[in-house]
Amino acid sequence: MERLITPTRSLRGTLRVPGDKSVTHRGLMLGALAEGETWLYHPLKAGDTLSTAAAMRALGAEISEEGAHFRIKGTGLALREPADVLDCGNAGTLIRLLSGLLSGQELFAVLSGDASLRRRPMGRVTTPLRQMGAHIEGREGGKLAPLAIRGGGLKGIHYEMPVASAQVKSAVLLAGLFAEGETVVVEPAPTRDHSERIFRHFGLPIAVEGNQIRTERARPYKARDLTVPGDISSAAFFIVAALITPDSEVRLEGVGLNPTRTGLLSVLKEMGADLAWEVTEGHDGEPVGWIRARSSKLKGVSVDPALIPLMVDEVPILAAAAAWAEGETFIPNLEELRVKESDRLAAIAKNLHNLGVRAEVGPDWIRIRGGSVQAGGVVEPFHDHRIAMAFAVCGLQKGVTVQDAEWASISFPSFWEDLERLSSKD
Ligand code: S3P
C-alpha cells in the first residue's frame, strides 16, 4: 500500500503511543509461565507481539484479548510441546527469547519466521544455549532459522557476550531459569534491562552487579498483573516530527522512560532540541512519564558511540532529524544496524538519497549533511517498519510518497492515523 503524505504546516496535540514492544513480548512469555492469571494492561497489539501471543498459546497458555488488554492463564512452568512450527513472523525478540525459554523445556520445537527473520543471525543465541546443554539445529550449523530445539538438562554458564544485545542477554537469562546452578551474563555495554525488571516483578531470581547479571533455577511463581508503558521507540517518531516542523508542539503521555532506552533524548538535546520530559510514576518496575517536543533549530553533532545501545532502534529517526539539522551529523558504532529487520544502515542511506540528502556510509557509521531535504521523494521501507515511519517523518514537511506503508503495523498500527490527526495541512 502506497501512502501519499502531503506537506504538513504544523503538528500539534497530545498522544498516547501504543504499549512497549519489548515489555509486551516479555510480559506474554512470563505470564505464560506463571501459575494463575496475569492481566497485561495496555500491551502492544501489533504484528510482532501478536506473533508472541500465538506462540505462547501454541505452547499451552490461554491468552485472550479483553478490550485493550491481554488476559493470560499461565502454565505454571509446564509448557506443552507445540503441534506445529512456531511462526515468529518478523520478530527477532520473539525468536531469540523463545529459543532461550525452550532450551529449558523437555520438549521439541521448531522456530521460524518471515524472509527477513530467516536472514538474521541466530548464532549469537544458539552458541551460549548449546554451551548450556541445549540441542539446537538450524541452517548453516545453527546460525540461521528455522531452528529446531530439543531442550532440557541445562547447566548454568558464565557467558561474556561478544555483542551488546538485550535479546542475547534475555535468551541466556530465560534459559538460566531452567538450568542447574547459577547463570551469569556479562554485558560489554549496558543494554535495555526490561528482562531484569520483569524478573523482579514476578519474583524470579535476578541479581545485577555492574555489568554482570545473575539468575538461577526458578521455582513455580504466581501470576502478577503488569501495566505496559507506552513505547518510547514509537514516541520517537512524533518527537522528531514536532522538532523539525515549524509551529509545532507535541506532548506524549504515559511513555516508558527507562534510562536504558532514552539515548535519543540525550542526542536530540545536544542537537539543540526544545525537548522536556519527566518521570511521574513507576508502572510495575518501569519508570513512566511525559515528553514534550517543540519546533527547534537543530544542529549536527557527533554522536557518542556509548549511547548507541541505548537508542539502537532510534537511529533511523535520528538520521531523519539529522537531515533537517544545520551542518553535519556523524553516527558511529552502527554495526548492529546491518542485522536488524533490514540492513538499516543501507536502508537509511538509500532513503536519504531518495529525499535529496547527502550522506556517506562506512561499514559501521554514517555521516549526514543536513539541510537539503527535497520535495516529492519516495520512501522505500525495505520491509522494515522503522524505516517506513522514520522517512515518512523526514518527508513530512515537503511531502513524500511512502511505499509499502503497511509495514508500520509491525510495531505501530495507528501510526498513519495518529500522524494525520496531529497534522495541520496547507
Ligand atoms: C530488543 C532488543 C534490541 C532491539 C529490539 C528489541 C529487546 O535488539 O533492537 O527491537 O526487546 O530485547 P538487540 O538485542 O539485537 O540489540
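Going by what an unreviewed UniProt entry lists, the chain is known as 3-phosphoshikimate 1-carboxyvinyltransferase and is assigned to Calidithermus roseus. Under the Subcellular location (unreviewed entry) heading, UniProt states for the chain: "Cytoplasm". Database annotation for the chain, UniProt heading Sequence similarities (unreviewed entry): "Belongs to the EPSP synthase family."

Trainee: So what about the sheet that holds strand β23 (residues 423-425)? Which residues, and what values?
Mentor: Two strands in a sheet stick together by hydrogen bonds in their backbones, pointing the same way (parallel) or opposite ways (antiparallel). Pairing is mixed in the open sheet, where five strands are placed in the order β16-β17-β15-β2-β23. Unpaired on one side and paired on the other, β16 (274-283) and β23 mark the two borders of the sheet. Neighbour-to-neighbour, the strand axes of this sheet turn through a mean angle of 20 degrees, independent of strand direction. In this sheet, strand β15 (residues 249-256) lies alongside strand β2 (residues 8-15) in parallel orientation, the contact comprising four bridges. Across the sheet, residue T14 finds its bridge partner in β15, namely R251. Lying on the sheet, helix α9 (residues 263-270) is in contact with β16 and β17 (286-294); it crosses β16 at an angle near 155 degrees. Packing of helix α13 (residues 415-422) onto the sheet brings it into contact with β2, β15 and β23, and relative to β2 it is tilted by some 110 degrees.

Trainee: Give a description of the nonpolar core that names residues and reports values.
Mentor: Ranked by internal contacts, the top residues of the largest apolar core, which has 77 residues, are F238, I239, L252, L268 and F415. The element best represented in this core is helix α8 (residues 232-244), accounting for eleven residues. The next biggest cluster of nonpolar side chains, apart from the first, holds 64 residues, and it includes M56, I72, L107 and L174.

Trainee: Kindly report on the UniProt feature "domain: Enolpyruvate transferase" (unreviewed entry) in the chain, identifying the contributing residues and their values.
Mentor: Summarizing the sequence annotation, UniProt attributes the feature "domain: Enolpyruvate transferase" (unreviewed entry) to residues 6-419 in the numbering used throughout. Helix and strand shares over residues 6-419 are 30% and 25% respectively, and the end C-alpha atoms of the span are 12 Å apart.

Trainee: Go over the packing of helix α3 (residues 92-103) against helix α4 (residues 123-131) with me, naming the residues and quoting the values.
Mentor: Each pair of packed helices gets described by two things: the angle between the helix axes and the distance between those axes. One way to put it is that α3 packs onto α4 with a least axis distance of 10 Å and a crossing angle of 15 degrees. In terms of axis orientation, α3 runs roughly parallel to α4. The two elements α3 and α4 cross, and the hand of that crossing is right-handed. Contact residues: R96, S99, G100 and S103 in α3; R124, V125 and L129 in α4. When grouped by side-chain class, the residues that make up the contact of α3 with α4 number two nonpolar, three polar and two charged.

Trainee: Which residues make up the environment of W407, and what values go with them?
Mentor: When you line up the elements, W407 lands in the loop between β22 (400-402) and α13. Its relative accessible area of 19% is what places W407 among the buried residues. Taking the C-alpha atoms as reference, W407 lies 9.1 Å from I387; in sequence the two are 20 residues apart. Residue contacts for W407: discarding those within four places in its chain leaves N90, D114, H383, D384 and H385.

Conventions adopted
Residues numbered from 1 in each chain as written. Predicted model: local features only at pLDDT ≥ 70, side-chain atom pairs only at ≥ 80, totals over all residues. Heavy atoms only, no water. UniProt positions renumbered as here; feature names shortened; annotations may be inferred. Pairing = 2+ DSSP bridges. Helix = DSSP H or I, 4+ residues; strand = E, 2+ residues; numbered from the N terminus. Axes fitted to C-alpha atoms, helices over the stretch in contact; angles between N-to-C directions. Contact = heavy atoms within 4.5 Å. Core = buried A, V, L, I, M, F, W, Y, C linked by side-chain atoms within 4.5 Å. Buried < 20%, exposed > 50% of the residue type's maximum accessible area, 1.4 Å probe, protein only. Parallel < 35°, antiparallel > 145°, perpendicular 65-115°, else oblique. Left-handed = near helix turned anticlockwise from the far one by under 90°. Nonpolar A, V, L, I, M, F, W, Y, C, P; charged D, E, K, R; others polar.

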